[in-house]
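# Coordinate analysis (summary)
Listed below are the residues making up each chain.
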Amino acid sequence: MKTKIINTPDMLKAASRKKSATVFMPATFDKKDQLETLVKGEKYYIHTYGCQANVRDEETMRGLLEDVGYKQTDKPEEASLIIINTCAVRENAEDKVYGEIGNLKHLRKKNKDLVLAICGCMVEQPEILKKLMETFTEVNLYFGTHEIAQLYSLVYDVRTTKERVVAIESKPGEVIEITPACRNNTYKAYVNVMYGCDKFCTYCIVPYTRGKERSRHFEDVLRECQELIDNGYQEITLLGQNVNAYGKDLDEGKDFADLMEAVAKLGIPRLRFTTSHPWDFSSKMIDVIAKYPNIMKFIHLPVQSGNDRVLKAMGRRYTRESYLALVKEMREKIPGLALSTDIIVGFPNETDEEFNDTLTIVDEIKYEAAFTFIYSPRKGTPAAKIADNVSYETKSKRFMELVKHLEKHIEAHSKTMVGKTYDVLVDGVSKTDKDMYSGYTEENKLVHFKGNESMIGKIVKVKINESHTYSMMGEVVNG
Ligand code: 5AD
Ligand code: SF4
């Protein structure tokens, strides 16, 4: 198979941050009409790995595909277009992708028209792309996180030329307003407020794969939120790798606190946001969260480590003391606040004492939820160049110990919920019991209860009867 290379990724270009981003709204999409005549009710299969940014990208791609007549299927063997939307944040996310493509590649032999595509963060890394291209000759389309607006022309070209197409341009990034999206959920929605990240934490690949930190226009975000409210949505999550930096690259004189306040005032019943870097979290933001009852009292505030030497080596721009001071201010101003976090164990050369500082900060803060990771070297990042003297066995032991500490506090918090009544936004029915439904409290606790289909997408009152570490059992009260 011949390969047509439109562009390939370049880590140096990906790290460049000189130009300011441009925002544009494509009025038409190249080769849309041509693809539409070709597709006629064919099916697509899409599988997304990784974070909410990828999930939101999937919704944009689905919107584009359904607009030209593709129908979604969950059976790859029925599809004429397969898209694997990948994550590069840790090695185990990448390993799953290699496994899945291995299982799908034989389908190309059965269907000569099949477009087998890999997109997302993995292909933004030159060495990974090379490895994928060498290992999986069956894959006939690679495109990056910046090429979603070109989806029609890329798929059309593969279909008509039978060549393999590679289109991955590393660039500081643009904001492209693509509508309509095909949302995965009818009452909860993610709304991007910004793309990319300029923090360059030394372990993290995201600033290279997703490019420059760039904000959407204030009015564009508000318009999308208003449309969701008009369509009956109950919950909006404002999304960005680092939402607190919102607006810094625009000259609209607005920051994230202004944006949150404006969305809260539109009247969405539940407003959430993620992710927050502690360094940019302003007092003004804390005040806005405290002021509006429809902004959920739940903040995801990644700490990564509790030790100053490690935080510095990670390039996190805060100290243990300043993080604790921020949490203190939040808890003082926002009664009932629930905090969650991300923690990396086994950063290169982390000592027992340094790891112990992570345990003590966890014991001090008593998070209500946490995501924990063993450090995974990402080629091209500064941390990956550090010679590491900590064995994997030590890292695993530390990981288990950390989880024990976290669970102790999460369990203790869960127990305090028993006997109390919470507002729960109902998600759906259990796979194993047709009478059991589940949903999340304002503080993001998972609750199971007896319910019925009419409750899905509504906020109901649930009294908690029983607590487990990660979920609650309760009963609906007041109808
Ligand atoms: N190794 C382990 N965990 C990582 N994360 C990001 N990069 C790495 C890495 N190289 C974690 C951080 C981040 C979360 C999304 O993923 O904790 O907050
Ligand atoms: Fe990665 Fe740090 Fe940016 Fe988060 S803030 S995406 S950890 S570089």
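Residues numbered from 1 in each chain as written. Chains lettered and ligands numbered in written order. Predicted model: local features only at pLDDT ≥ 70, side-chain atom pairs only at ≥ 80, totals over all residues. Heavy atoms only, no water.

It is worth spelling out the overall build of the protein chain at this point. Across its full length, the protein chain carries 15 helices and 22 strands. Principal axes of the C-alpha set define a box for the protein chain whose edges measure 60 × 60 × 50 Å. Out of the 479 residues in the protein chain, the part that is buried amounts to 55%. Restricting the contact set of the protein chain to residue pairs at least 6 apart, pairs at least 24 apart contribute 76%. Summed over its atoms, the accessible surface of the protein chain is roughly 20900 Å², and 51% of this surface lies on carbon and sulfur atoms. One way to put it: in the protein chain the 69 positive side-chain charges average out to a point 2 Å from where the 71 negative ones average out. (Helix = DSSP H or I, 4+ residues; strand = E, 2+ residues; numbered from the N terminus. Buried < 20%, exposed > 50% of the residue type's maximum accessible area, 1.4 Å probe, protein only. Contact = heavy atoms within 4.5 Å. Areas by Shrake-Rupley, 256 points an atom, 1.4 Å probe, with all protein chains shown as cover. Lys, Arg positive; Asp, Glu negative; His and termini not counted. Charge placed at Lys NZ, Arg CZ, Asp CG, Glu CD.)

On to the sheet that holds strand β19 (residues 436-441). The strand order around the closed barrel built from five strands is β18-β19-β20-β22-β21, with neighbouring strands paired in mixed fashion. Sheet twist, expressed as the mean angle between neighbouring strand axes with direction ignored, is 50°. Relative to strand β22 (residues 471-477), strand β20 (residues 446-450) runs parallel, the two sharing four bridges. Within the sheet, the bridge partner assigned to leucine 446 lies in β22 and is serine 471. (Pairing = 2+ DSSP bridges. Axes fitted to C-alpha atoms, helices over the stretch in contact; angles between N-to-C directions.)

Residues in contact with ligand 2, as listed here, are Cys197, Lys199, Phe200, Cys201, Tyr203, Cys204, Val206, Pro207, Gln241, His277 and Arg316. A per-class count over the shell around ligand 2 returns seven nonpolar, two polar and two charged. (Near = heavy atom within 4 Å. Nonpolar A, V, L, I, M, F, W, Y, C, P; charged D, E, K, R; others polar.)

Another point: empty space enclosed by the protein. Applying the stated criterion to the full structure yields one cavity of 30 Å³ or more. Considered as a void within the structure, the largest cavity measures approximately 30 Å³ in volume. Taken together, the elements giving at least two residues each to the lining of the largest cavity come down to α3 (52-67) and β6 (115-120). For the lining of the largest cavity, the residue count by class is four nonpolar, five polar and two charged. (1 Å grid on protein atoms, 1.4 Å probe; cavity = no way out; pocket = protein on both sides within 12 Å on 5 of 7 lines; lining within 4 Å. Points joined across faces, edges and corners; volume = space filled by probe spheres on them.)

In the neighbourhood of ligand 1, the contacting residues comprise Val89, Arg90, Tyr203, Gln304, Asp342, Ile344, Phe373, Ile374, Tyr375, Ser376 and Arg378. Between ligand 1 and the protein, one listed contact pairs an oxygen atom with a side-chain N or O atom of aspartate 342 at 2.6 Å. One nitrogen or oxygen atom from the main chain of serine 376 is found 2.7 Å from a nitrogen atom belonging to ligand 1. In isolation ligand 1 exposes 410 Å². Once the protein is present, 85% of that is buried. Taken together, the residues that form the shell around ligand 1 break down as six nonpolar, two polar and three charged. (Polar contact = N/O pair within 3.5 Å; in protein donor to acceptor, adjacent residues only side chain to side chain.)

This paragraph deals with the sheet that holds strand β16 (residues 338-345). Pairing within the open sheet is parallel, and its three strands lie in the order β15-β16-β17. Lying at the two open borders of the sheet, with one neighbouring strand each, are β15 (298-300) and β17 (369-374). With strand direction ignored, the average angle separating the axes of adjacent strands in the sheet is 10°. As paired elements, β16 and β17 share six bridges and run parallel to each other. Looking at the pairing, isoleucine 343 lines up with threonine 372 of β17. Relative to β17, helix α15 (residues 392-416) is tilted by about 175°, and along the sheet it contacts β16 and β17.

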